[in-house]
2 protein chains.
Amino acid sequence: MKVIKTIEEMRRWSRSTRARGETIGFVPTMGYLHEGHLRLIREAKKHADRLVVSIYVNPTQFGPNEDFERYPRDFARDESLCKQEGVDAVFYPSNEEMYRPFHKTYVITEDLSEIMCGVSRPTHFRGVTTIVAKLFNIVQPDFAVFGQKDAQQAVIIKRMVEDLNFPVKIIVAPIVRESDGLAMSSRNKYLNSRQRKEATVLYRSLQLAEKEYSGGNHDPESIKQKMRRLIERESGGKIDYIEMVDAETLGAPRPGEGDILVALAVYFNSTRLIDNTILKIR
Amino acid sequence: MKVIKTIEEMRRWSRSTRARGETIGFVPTMGYLHEGHLRLIREAKKHADRLVVSIYVNPTQFGPNEDFERYPRDFARDESLCKQEGVDAVFYPSNEEMYRPFHKTYVITEDLSEIMCGVSRPTHFRGVTTIVAKLFNIVQPDFAVFGQKDAQQAVIIKRMVEDLNFPVKIIVAPIVRESDGLAMSSRNKYLNSRQRKEATVLYRSLQLAEKEYSGGNHDPESIKQKMRRLIERESGGKIDYIEMVDAETLGAPRPGEGDILVALAVYFNSTRLIDNTILKIR
């Protein structure tokens with residue numbers, strides 16, 4: 001497995017791989033890999049001749065008061081996990097390599113990035129779309145795999161790829177959960193043991209939504225109210241948002257057509273956790 | 001020469017061209033080709049095995065009260081000119097092909113797009129960077145040629161390509177002028193005969209700047225004042241702006257280092273003409 005630290009070398013690797021007629025799969029990550037990432041990597045391996053994983057904590061997707069500095073990092077561990085999974089190349093650039101001091105260009109997705117997570121993190125998604133555009137141009141993959149855990153991000157990336165005609169196929173892989181239901185996240189490590197236990201209420205609130213919906217309650221306000229009450233009763237978490245939106249447009253649900261995304265964000269002290277589920281229209 | 005109207009077919013053409021190991025040059029245009037465009041095409045032909053010209057009047061780079069509707073179009077003539085010049089493929093998509101009704105994604109370049117032409121055309125450059133990003137992703141050229149006539153656009157495109165790591169080399173070709181000095185532009189056709197004559201004052205004002213500068217006057221305010229007086233004395237044109245900026249950053253000139261861009265925009269009634277020159281630091 002190759003560890004590549006410069007844009008120029010990454011480009012050369014991709015160019016020669018493509019020249020051999022091999023396809024390239026790509027999993028962009030911020031490192032500190034957990035089972036959720038490994039599933040993305042295994043999904044990608046199914047489809048591609050060669051697999052690139054990027055490990056880069058992207059500063060432009062963190063707000064000024066967010067956890068960029070303390071975001072967990074462990075490259076040695078990430079490297080050995082990637083090796084075990086049969087990754088062909090790890091792209092591990094420095095901040096200096098990725099952003100020059102006079103960086104001016106951003107990719108924005110109007111409306112989609114201003115709602116839900118975009119309310120409390122107003123510059124987050126433009127950081128995400130910008131770094132993904134950069135990585136796509138550097139790695140030039142045939143397809144890239146993202147996790148459904150970041151549901152809004154997945155919608156935004158798919159929209160960016162379609163709107164800007166990136167020649168990259170996007171695959172979204174399912175959420176991976178701990179045995180008690182908590183969605184896997186590098187940020188779970190911030191939780192103390194009481195918070196860790198209470199945080200399972202996020203998944204239970206989503207299960208409640210599924211049960212309500214399949215039981216015939218199609219009133220978003222009523223479902224969200226029940227979720228809110230459950231979370232407030234069973235945890236000290238502070239709800240950032242609970243939303244039910246059209247799973248493709250993130251707009252108002254279209255009664256009878258289009259799946260519905262139920263998504264939420266909850267703070268446990270300064271740790272912000274997100275989770276979601278899709279209500280399928282049959 | 002192939003005329004290609006769909007994104008899918010353009011992608012296929014590029015993919016098979018690259019698979020044969022041939023390089024692709026690209027000249028994006030809004031059509032109504034004049035000698036200035038033909039020089040860009042000839043410049044591109046020098047460097048590439050295959051040459052693509054796009055002809056597309058991009059709606060997102062026109063403001064609501066600008067000349068999108070009346071912008072001159074003559075595809076039959078453009079097609080025959082491209083054929084004469086030995087172009088391999090003309091990409092000529094419809095608006096429906098290029099922008100879906102729910103298009104949400106834009107590429108922006110902060111600061112650079114808000115000054116000079118960006119003051120009177122606040123959404124112009126994000127339209128330009130967005131369509132160029134789309135065309136690069138569709139055509140996937142090895143290099144693309146732009147004209148120095150649109151100096152601010154050239155700086156912004158180069159910055160976008162560097163910041164987002166597009167694998168495309170940018171070549172900027174010199175301004176082509178009519179025999180009396182007027183820079184060639186599709187918009188010159190809007191001018192009546194009096195305006196057409198008066199419009200030569202733009203180039204003369206730039207020549208004045210060159211003379212002042214080489215004669216030892218390095219005071220931008222004094223030079224701009226002299227240009228302004230000349231234009232106001234010898235034409236009915238209404239000056240939009242006259243700027244002297246660092247040719248690379250579009251910021252304040254750095255005394256003694258970095259070339260200086262002298263750029264201007266002048267309205268002749270509703271027709272807005274731009275022109276520029278570079279003062280070389282020796």
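Anyway, here's the lowdown on the structure attached to this text. (Residues numbered from 1 in each chain as written. Chains lettered and ligands numbered in written order. Predicted model: local features only at pLDDT ≥ 70, side-chain atom pairs only at ≥ 80, totals over all residues.)

Some points on the overall build of chain A
In terms of helices and strands, chain A carries ten helices and ten strands. A globule of 282 residues ought to have a C-alpha radius of gyration of about 19 Å, and chain A, at 19 Å, matches this closely. When the backbone C-alpha atoms are referred to their principal axes, chain A occupies close to 55 × 40 × 40 Å. Each of the 282 residues in chain A was classed as buried or not, and the buried ones make up 42%. For chain A, the proportion of contacts with a sequence separation of at least 24, taken over those separated by at least 6, is 67%. (Helix = DSSP H or I, 4+ residues; strand = E, 2+ residues; numbered from the N terminus. Rg over C-alpha atoms; globule rule 2.2 N^0.38 Å. Buried ≥ 20, exposed ≤ 12 C-beta atoms within 10 Å, placed from the backbone. Contact = placed C-beta atoms within 7 Å.)

Thoughts on the interface of chain B and chain A
Listed as interface residues are 24 residues of chain B and, on the opposing side, 24 residues of chain A. At the level of elements, α1 (7–19), β5 (105–109), α6 (124–139) and α7 (151–163) of chain B are the ones that each hand at least two residues to the side of chain B that touches chain A. Per-element accounting of the side of chain B that touches chain A gives the leading share, five residues, to β5 of chain B. The class makeup of the residues in the side of chain B that touches chain A is eleven nonpolar, six polar and seven charged. Note that strand β5 (residues 105–109) of chain A and β5 of chain B share five bridges and pair antiparallel. (Nonpolar A, V, L, I, M, F, W, Y, C, P; charged D, E, K, R; others polar. Pairing = 2+ DSSP bridges.)

Considerations on helix α10 (residues 220–234) of chain A
Residues and elements named next belong to chain A. With 15 residues, α10 should cover 21 Å at 1.5 Å per step; its first-to-last C-alpha distance of 21 Å lies within 8% of that length. Taken as a whole, α10 has its buried residues at I223, K224, M227 and I231. End-on view of α10: buried residues confined to an arc of 95 degrees, all on one side of the axis. In this structure, α10 carries E221, S222, Q225, R229 and R233 as exposed residues pointing more than 90 degrees from its buried face. Of the surrounding elements, those touching the buried residues of α10 are α9 (201–214), β8 (238–246) and β9 (260–268). (Expected span 1.5 Å × (residues − 1). Arc of directions from axis to C-beta.)

Re the relation of the copies chain B and chain A
When chain B is fitted to chain A, the best match, at an RMSD of 0.0 Å, comes from turning it 180 degrees and sliding it 0.0 Å along the axis. Given the turn and translation reported, the copies of this chain are related as if by a two-fold rotation axis. Considering only C-alpha atoms, the part of chain B nearest the rotation axis is V107 of chain B, at 2.2 Å. Both copies present the same face, since 100% of the interface residues in chain B are matched by interface residues at the equivalent positions in chain A. (Least-squares fit on C-alpha atoms with pLDDT ≥ 70 in both.)

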